[in-house]
Amino acid sequence: MARPKDDAYYLSLGAGANQLPLINAAKALGLKVIGIDRSIAAPGLKECDLKIEESILNYRKIYYKLVNLVEPSQIAGGYAASFGEALQSFAFLCERLSIIGLSRTLMETVQDKFQVRRLLSEIEHGAFAQPLFLEITQSMRREDIEQLGFPLIAKMRRGASKRHIYRLDDWNEVKHFLSRKNLENLGVRGHDFLLEQYIEGDEIIVTGFAQNFHFHLVSVHDRIAQTTPPYIDLEHRFPSRYAHLATSIREIHNQACLKLQLSDTPVVSEWKVVADRLYLVELSAQIPGEHVADFMIPKGVHYNYFQNLVKLTLGEKIEAVPEKNRQNVTVKYWAENPGWGEWQEATKSAAFARVLNANPPKAISSNLDRYGVAGFLS
């Protein structure tokens, strides 16, 4: 596909700090950018050529404002560096603007962990495995649940940021968890959850792009998490100790892209590794968080993730990933406040360091509660 004309715009759904690398990549490729954010003070809007003040979830209002601002044919592509409902909102805009992206129906399917597990159960590969899993319904039987084995994990079918992940060690804990009183206290519904077998093993995260239903592997790195629920992220290390599984990882993801009908989208997945067998934790069609895309990949792989994401969403061929000259990269998180002196000492050699939450709660319930993050090169 030819590069868009000079009057072409790239749509940035969201303009916060996480969206800045995407906005800058689009501008570096010669595109004008339309930024959309509910806060007119969002840092990314300063870099945008046109600005729309609106919640990124109000897709109908956004579409109305867009078509009154520019001709739809002037919008060459776009993306949302976000997750959940924001990606569903962007999928609606893709359909209405006829730009590259997953449809609303497909996005909803990919965001449902139960549907993803069900569809990927058809993958045929010797290294691929999944935990036993079960959909929560009103007609569930005790025998069906116990067949998963204990301990088991209960997690949201459409959850993110490691929120609402629970370990259940026996039948009594399952009964208590699924009780109406407990679910009401948690502010959730039973059928919003998925039950699955707990797998003990090292964890890896895979990132890449699906283009023309073919998976392009960008990176594999190790994830170190807390050993108790909600298993929040503590470290990400590149390269992975399981880099030798790259061929199997590519083959499995190629099948996954076909089974899920993923094309022209970023892909990120989490796996448990047991004796070189890959057990799927989850797979999603979104940009990886945890400073993987904006720090680990450019520093460790020497690959411009966001520039290639822009190319992907414009319909251009993405670049090959370099295979040599890789650098060791670690992204480390602090769940609790270590104290200012200890924080300064621990991060003095860091490539970057950032306090995310100066007053984290005593009980960490998700990745969003962590105190700080720092990136290291070695």
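Going by the structure above, here's the rest.
Residues numbered from 1 in each chain as written. Predicted model: local features only at pLDDT ≥ 70, side-chain atom pairs only at ≥ 80, totals over all residues. Heavy atoms only, no water.

(A) View of the overall build of the chain. For the chain, the count of helices and strands is twelve helices and 17 strands. Dimensions of the chain, computed from C-alpha atoms along their principal axes, come out at roughly 65 × 50 × 40 Å. A burial count over the chain gives 52% of its 378 residues as buried. Contacts in the chain between residues at least 24 apart in sequence constitute 62% of all its contacts with a sequence separation of at least 6. A gap of 2 Å separates the mean positions of the 44 positive and 44 negative side-chain charges of the chain. (Helix = DSSP H or I, 4+ residues; strand = E, 2+ residues; numbered from the N terminus. Buried < 20%, exposed > 50% of the residue type's maximum accessible area, 1.4 Å probe, protein only. Contact = heavy atoms within 4.5 Å. Lys, Arg positive; Asp, Glu negative; His and termini not counted. Charge placed at Lys NZ, Arg CZ, Asp CG, Glu CD.)

(B) Spotlight on the state of the cysteines. Counting across every chain of the model gives zero disulfides. Free cysteine C48: the closest other cysteine sulfur is in C94, separated by 17 Å. Counting only cysteine sulfurs, C94 is the nearest neighbor of C257, a cysteine outside any disulfide, at a range of 17 Å. (Disulfide = S-S within 2.5 Å.)

(C) Summary view of the packing of helix 2 (residues 59-67) against helix 3 (residues 85-97). The contact between helix 2 and helix 3 brings their axes to 9 Å, and the two run at 40 degrees. Judged by the angle between their axes, helix 2 and helix 3 are oblique. Taken as a pair, helix 2 and helix 3 cross one another with a handedness that is right-handed. Judged by residue contacts, Y59, R60, I62, Y63 and L66 of helix 2 engage S89, F92, L93, R96 and L97 from helix 3. (Axes fitted to C-alpha atoms, helices over the stretch in contact; angles between N-to-C directions. Parallel < 35°, antiparallel > 145°, perpendicular 65-115°, else oblique. Left-handed = near helix turned anticlockwise from the far one by under 90°.)

(D) Here's a closer look at helix 9 (residues 246-260). Spanning 15 residues, helix 9 covers 21 Å between terminal C-alpha atoms, matching the ideal 21 Å at 1.5 Å per step. Those residues of helix 9 not exposed but buried are A246, S248, I249, I252, H253, A256, C257 and L260. Projected down its long axis, helix 9 shows its buried positions confined to an angular sector of 165 degrees, all on one face. Q261, located one to two residues past helix 9, shows a positive phi value of around 60 degrees. (Expected span 1.5 Å × (residues − 1). Arc of directions from axis to C-beta.)

(E) Representation of the sheet that holds strand 3 (residues 50-53). What the four strands build is an open sheet, ordered 3-2-1-4; its pairing is parallel. The outermost strands of the open sheet, each flanked by one partner alone, are strand 3 and strand 4 (75-79). Sheet twist, expressed as the mean angle between neighbouring strand axes with direction ignored, is 20 degrees. As paired strands, strand 1 (residues 9-13) and strand 2 (residues 32-37) are joined by five bridges and run parallel to one another. Across the sheet, residue Y9 finds its bridge partner in strand 2, namely K32. (Pairing = 2+ DSSP bridges.)

(F) How the structure looks around the environment of D170. Residue position: D170 is located in the loop between strand 8 (165-168) and helix 7 (171-178). Look at D170 and you get partly exposed, because its relative accessible area is 32%. It is 8.8 Å that separates the C-alpha atoms of D170 and G149, two residues lying 21 residues apart in sequence.

(G) Structural detail: the packing of aromatic side chains. Taken as a whole and judged by the stated rule, the model has twelve aromatic pairs. Centre to centre, the rings of Y59 and F92 are 4.4 Å apart; their planes meet at 45 degrees, and the pair counts as tilted. Taken together, the positions of Y59 in helix 2 and F92 in helix 3 put the pair 33 residues apart, joining distant regions of the chain. Y59 sits in the partly exposed class, given a relative accessible area of 27%. For F92, a relative accessible area of 2% corresponds to the buried category. Ring plane angle 75 degrees and centroid distance 6.1 Å describe the contact between F128 and W271, whose orientation is recorded as edge-to-face. One end of the pair, F128, is in strand 5 (residues 128-129); the other, W271, is in strand 13 (residues 265-274), with 143 residues separating them in the sequence. Exposure class is identical for F128 and W271. Each is buried. (Phe/Tyr/Trp six-rings, centres within 6.5 Å; stacked < 30°, edge-to-face > 60°.)

Read these as spatial facts, not as claims about activity.
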